[in-house]
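Next come the chains, spelled out residue by residue.
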Amino acid sequence: MVSRSYVNLLDLAGDLLGIPNTPRTLPRVMTVPGVISDLDACGRNDADSDVSSSGCRERRIIVANMLPLQAKRDIDTGKWCFSWDEDSILLQLKDGFSSETEVIYVGSLKVEIDANEQEEIAQKLLEDFNCVPTFLPHDLQKKFYLGFCKQQLWPLFHYMLPICPDHGDRFDRVLWQAYVSANKIFADKVMEIINPDEDFVWVHDYHLMVLPTFLRKRYNRVKLGFFLHSPFPSSEIYRTLPVRDEILRGLLNSDLIGFHTFDYARHFLSCCSRMLGLDYESKRGHIGLDYFGRTIFIKILPVGIHMGRLESVLNLHSTSAKLKEIQEEFKGKKVILGVDDMDIFKGISLKLLAVEQLLEQNPDLQGKVVLVQIVNPARGSGKDVQEAKKETYSIVQRINVTYGSTNYRPVVLIDRHVARFEKSAYYAVAECCIVNAVRDGMNLVPYKYIVCRQGTEQLDKTLGRTADSPRSSMLVVSEFIGCSPSLSGAIRVNPWDIDAVADALNSALTMNDSEKQLRHEKHYRYVSSHDVAYWARSFMQDLERACKDHYTKRCWVIGLGLGVRVVSLSPGFRKLSIDHIVSAYKRTSRRAIFLDYDGTLVPQSSISKIPSPEVISVLNALCNDAKNIVYIVSGRGRDSLCEWFISCKMIGLAAEHGYFLRSNQDFEWEMSHLSADLEWKKVVEPIMQSYTEATDGSNIEIKESALVWHHRDADPDFGSCQAKELLSHLESVLTNEPAVVKRGQHIVEVMPQGISKGQVAEKVLTNMVNGGNSPDFVLCIGDDISDEDMFESISRTVSCPSFQVAPDIFACTVGRKPSKAKYYLDDSADVIKLLQGLGSSSNPKPRHLPHFQVSFESTV
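Quick caveat: nothing in here was measured; it's all calculated off a predicted structure.

### Quick word on the overall build of the protein chain
Within the protein chain one finds 27 helices and 34 strands. C-alpha extents for the protein chain along the principal axes are approximately 110 × 70 × 55 Å. Within the protein chain, the proportion of its 860 residues that are buried is 57%. When contacts within the protein chain are restricted to residue pairs at least 6 apart in sequence, those whose partners lie at least 24 apart make up 73%. Accessible surface for the protein chain amounts to roughly 35,900 Å². Of this, 50% is attributable to carbon and sulfur atoms. Once the 98 positive and 110 negative side-chain charges of the protein chain are each reduced to a mean point, those two points are 2 Å apart.

So this is what it looks like as structure tokens:
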């Protein structure tokens, strides 16, 4: 059933493509013995509490584009027959789970099933294989997979831009709508079977990158992991995608996002920083992104192979027979092996050119070296595949004509389906394996080659070698493939550098045996210990850790369509209601109000920082109430604050985080006595100046007591990197100086020791107590890390014995984010509305509260 959460673009996509409602043909999860829960879209938005644990065994729901099944029709009966696809990673990863874990698969079949057979087959697959098929309509499947996935996402993720029509298809919104609609159908199938309190969902690859959005909207606390098996491009490439934000937000609705390499993860994090303004940090060795109160963890671990599966193939009699046949065919020659799909990113033609160069530069190798190139069937049938195939055949023919003879072919091209046993035999025979892809997500060919060269007991008998005889292997791998970082003993090459690849092949063939053996041993230790089970187990352990705090926070959904995200904050953290605070405001008579300026009274994004007339009006309304003491506590200089608030006669001002303090315009500014020595500024300013010159878009703000380096307008990555370096540089230089270095939102600030907004709040409150007017109402509103000092200081100060009765405290941050404050408001507009609500409840009369000058000496 298509849920009612299907809104905006999602509705539009479904309507345009005429997608039928997903039929509910599968039984729901049995949550209470004898009772089947049938949660549909009419239920609550967050259905986590709808389903309770029934004491069932652990369940893992694996979601991927294709189910790990083979399908064929029985010729005699016409019935569909299904069997496991033993080579599928999705099937093999089960070895990483305990035997008690139930695994359910959701995905499409590799064959098209007639509509009148779908219900029967769905039931059969669920009962026999624990598989839930999606059955996408033919037209939708074509637009989704062959259209958006293969013609737009796949080339882009492999760094190919459609600069002109001959170089790929340009963005097509109809195909994008098909992609969204297909993801929605996959999500609906998961919703049919999930127990959101207990089950873990693991989504695989670029076909389903917006699926997490649908699940997160339906079940706010769903335990959801995502692993990308392809590369993730640099931000310069990714940002060309018109739906870049929707896909990023889709991935960020996961709890854990996995990548094969740090490069791929780094590119993703850079995109999040540049396009969504999100920063990341390492938390006890784990990379985490804070996203609306949720921490999304990043996992970096390349997938492995299934050792048992490969070794069982090596033990087959057919493998031994084929191995002997290959040895006889290439007797007296050294075999170089390549195994690649036929597509433009695998670098087959570049590899052939390198072999041609090798034979040309080393005549002594002619007649002694053979490249066996196995070409797997192409996954697509576009023009680029046909061109790659044509070029491959042309180069092979040229090499064989130029350097071959009647009894010698330098290149043997096998362009057909090659059985597993035959491929394993070639792996076992080859002295060198080359993977020359110009871009590839992972590529497990080198891993398989290493295991086959290690061999098994059965293979040893075939080769006539003893179990303790030395093994060797040589790898030449492109530096642009995902497995390259884990193969430190391989010869890494730039596939575009034909000369370098030819030299690498020559080195691999002529390297001494002891060196080959050492490299092989190192690789085999890694491959055998980091197999597919290790990968699955490690990912799931991290997913469990990422989800452990789900039920300690309050969650709610914000946004529409694909902009949906879940805000997750502490249980006591809630929006400050105007009615709630006005009620407390009216019943109190000794009030202290502390307001930050930038980001609180004026939006951070505003170009003009001058307070608006409505801000001045509401502040005057509050200040004219004799029961109120109001302070603007800002990091800005006193000259700016004096100029901006000249019409607010009774307002208190704390400039430069409290270094300067004035209770109202009847008093002079007082300067903090804590740190009168500002000689350190002479050291700091030249250092900041050098970073400013080196960082385009940065600038220095010079205050009377502090220096601030701003990098808001610099390149996000470079600015952040420079800020970290400047922070470290200044901390080392100022070790013995009375100054502190702090990093805030796009700034690095150096200020005197002991100065903070929290000190201002403490002084004002303590002075009120000492003057016999202990506050019974405290409001503090701010938006950044410096305001957290005020929230903490107020809480600490009112807990002192001098406060006989605790006041009503309203510590409020601006924006929904983790904070020491108990309340939040969404933005500065909300702040003004709240203050207007208080102002309208004020009663301006002649003062009966003394409006004293807060002295730095009075509360030391």
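### With respect to the packing of aromatic side chains
Under the criterion given, the structure shown has 30 aromatic pairs. Aromatic side chains F232 and F259 sit 6.4 Å apart centroid to centroid with 85° between the ring planes, which places their arrangement in the edge-to-face category. In this pair, F232 is assigned in the loop between β9 (223-227) and α7 (235-238) and F259 in strand β10 (residues 256-259), connecting sequence segments 27 residues apart. On the basis of an interplanar angle of 85° and a centroid distance of 5.6 Å, the ring pair of Y597 and F645 is categorised as edge-to-face. Of this pair, Y597 sits in the loop between β23 (591-595) and α21 (613-623) while F645 sits in the loop between α22 (638-644) and β25 (652-655), and the two are 48 residues apart along the sequence. Summarising the burial analysis for this pair, Y597 and F645 share the class buried.

### Considering the confidence of the model for the protein chain
Per-residue confidence for the protein chain gives a mean pLDDT of 88; residues scoring 70 or more make up 90%. Under a pLDDT of 50 for its full length, residues 1-55 has, in the predicted model, 133 contacts with residues more than four places off or in other chains.

### Observations regarding the sheet that holds strand β11 (residues 280-283)
Overall, mixed pairing links the 9 strands, which are arranged β7-β6-β3-β8-β9-β10-β13-β12-β11 in an open sheet. Among the strands making up the open sheet, the edge pair consists of β7 (131-133) and β11. For this sheet the average axis-to-axis angle between neighbouring strands, irrespective of direction, equals 25°. In terms of strand pairing, β9 meets β10 through 3 bridges, oriented parallel. Looking at β10, one finds that F227 is bridged to G258.

### Things to note about unusual backbone geometry
For F135, which is not glycine, the phi torsion reads 50° and is therefore positive. Inspection of the secondary structure assignment puts F135 in the loop between β7 and α4 (138-157). Positive phi values are uncommon outside glycine, yet N443 reaches one of about 75°. The buried category is assigned to N443, whose relative accessible area is 11%.

### Considerations on helix α17 (residues 498-510)
Counted at 1.5 Å a residue, the expected span for α17 with its 13 residues is 18 Å, and the 19 Å between its end C-alpha atoms agrees. Among the residues of α17, those classed as buried are I498, V501, A502, A504, L505, A508 and L509. Buried residues of α17, seen end-on, are gathered within an arc of 160° and therefore sit on one face of the element.

### Here we look at the nonpolar core
F232 and F268 are the most contacted members of the largest nonpolar core, which totals 184 residues. The element best represented in this core is helix α5 (residues 173-193), accounting for 12 residues. Aside from chain neighbours lying at most four places away, what touches F268 is F232, L248, L251, L252, I257, F259, L289 and I298. Core analysis: the next-biggest nonpolar cluster, separate from the first, contains 42 residues, I632, F660, L779 and Y823 among them.

About the criteria used
- Residues numbered from 1 in each chain as written.
- Predicted model: local features only at pLDDT ≥ 70, side-chain atom pairs only at ≥ 80, totals over all residues.
- Heavy atoms only, no water.
- Helix = DSSP H or I, 4+ residues; strand = E, 2+ residues; numbered from the N terminus.
- Buried < 20%, exposed > 50% of the residue type's maximum accessible area, 1.4 Å probe, protein only.
- Contact = heavy atoms within 4.5 Å.
- Areas by Shrake-Rupley, 256 points an atom, 1.4 Å probe, with all protein chains shown as cover.
- Lys, Arg positive; Asp, Glu negative; His and termini not counted.
- Charge placed at Lys NZ, Arg CZ, Asp CG, Glu CD.
- Phe/Tyr/Trp six-rings, centres within 6.5 Å; stacked < 30°, edge-to-face > 60°.
- pLDDT = per-residue confidence, 0-100.
- Pairing = 2+ DSSP bridges.
- Axes fitted to C-alpha atoms, helices over the stretch in contact; angles between N-to-C directions.
- Expected span 1.5 Å × (residues − 1).
- Arc of directions from axis to C-beta.
- Core = buried A, V, L, I, M, F, W, Y, C linked by side-chain atoms within 4.5 Å.

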